[in-house]
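Report on the structure
One-letter residues, chain by chain:
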Amino acid sequence: QLPGLDIEDGIKKTNNSEILYNEVLKEFLDAYGNSAETFAILVEEQRYEQLKMLLLDLKGLTSSIGAYSMFKLSDEVFKLIIFNKKHLLTGFVKSYKEKLEELSYSINQYTMKKWLILSSL
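Here is a short report on the structure shown in this document.

Calculation rules
Residues numbered from 1 in each chain as written. Predicted model: local features only at pLDDT ≥ 70, side-chain atom pairs only at ≥ 80, totals over all residues. Heavy atoms only, no water. Helix = DSSP H or I, 4+ residues; strand = E, 2+ residues; numbered from the N terminus. Core = buried A, V, L, I, M, F, W, Y, C linked by side-chain atoms within 4.5 Å. Buried < 20%, exposed > 50% of the residue type's maximum accessible area, 1.4 Å probe, protein only. Contact = heavy atoms within 4.5 Å. Phe/Tyr/Trp six-rings, centres within 6.5 Å; stacked < 30°, edge-to-face > 60°.

Further remarks concern the environment of glutamine 109. Mapped onto the elements, glutamine 109 comes out in helix α6 (residues 93–119). The spatial distance from the C-alpha of glutamine 109 to the C-alpha of lysine 12 is 19 Å, given a sequence separation of 97 residues.

Here it is, written out as structure tokens:
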């Protein structure tokens, strides 16, 4: 296991296809790997509708790849917006960045390992 990533569960959710799982992970990094800056800007500028859309996307994707700690954080922040506790959002900017960095590291470790295995065949 890698921090922030349940690989076994993620593979199960992609029809037990490691190849598909690997592709989904790469697409996640391409789309959201740099989203910490976007998250911070949306919070700072109080663009809550756009932040909700980002969080909804993240909740779906992180759940499907087995990134449950990032899912929990996204869900918690989403609920703060829904329940009008927006004044608490700034406290999550650092946590979001840290969780995303952890997840990105784990995804890179997993995909690199798979690439090395496949290239040695």
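A few words on the nonpolar core. In this structure, Phe28, Phe39, Leu51 and Tyr96 are the most contacted members of the largest nonpolar core, which totals 32 residues. Elements with a contribution of two residues or more to this core: α1 (7–12), α2 (18–32), α3 (35–44), α4 (48–65), α5 (68–82) and α6. Apart from the residues within four sequence positions on either side, leucine 51 is in contact with Phe39, Leu42, Val43, Ile81 and Leu89.

What follows is about the packing of aromatic side chains. Enumeration according to the criterion identifies 3 aromatic pairs in this entry. With a centroid separation of 5.6 Å and 65° between ring planes, the pair formed by tyrosine 21 and tyrosine 110 is classed as edge-to-face. With tyrosine 21 in helix α2 and tyrosine 110 in helix α6, the pair connects residues that are 89 residues apart, well separated along the chain. Comparing tyrosine 21 with tyrosine 110 shows no difference in burial state: the two are buried. For the pair phenylalanine 28 and tyrosine 32, a centre-to-centre distance of 5.7 Å together with 35° between the ring planes defines the contact as tilted.

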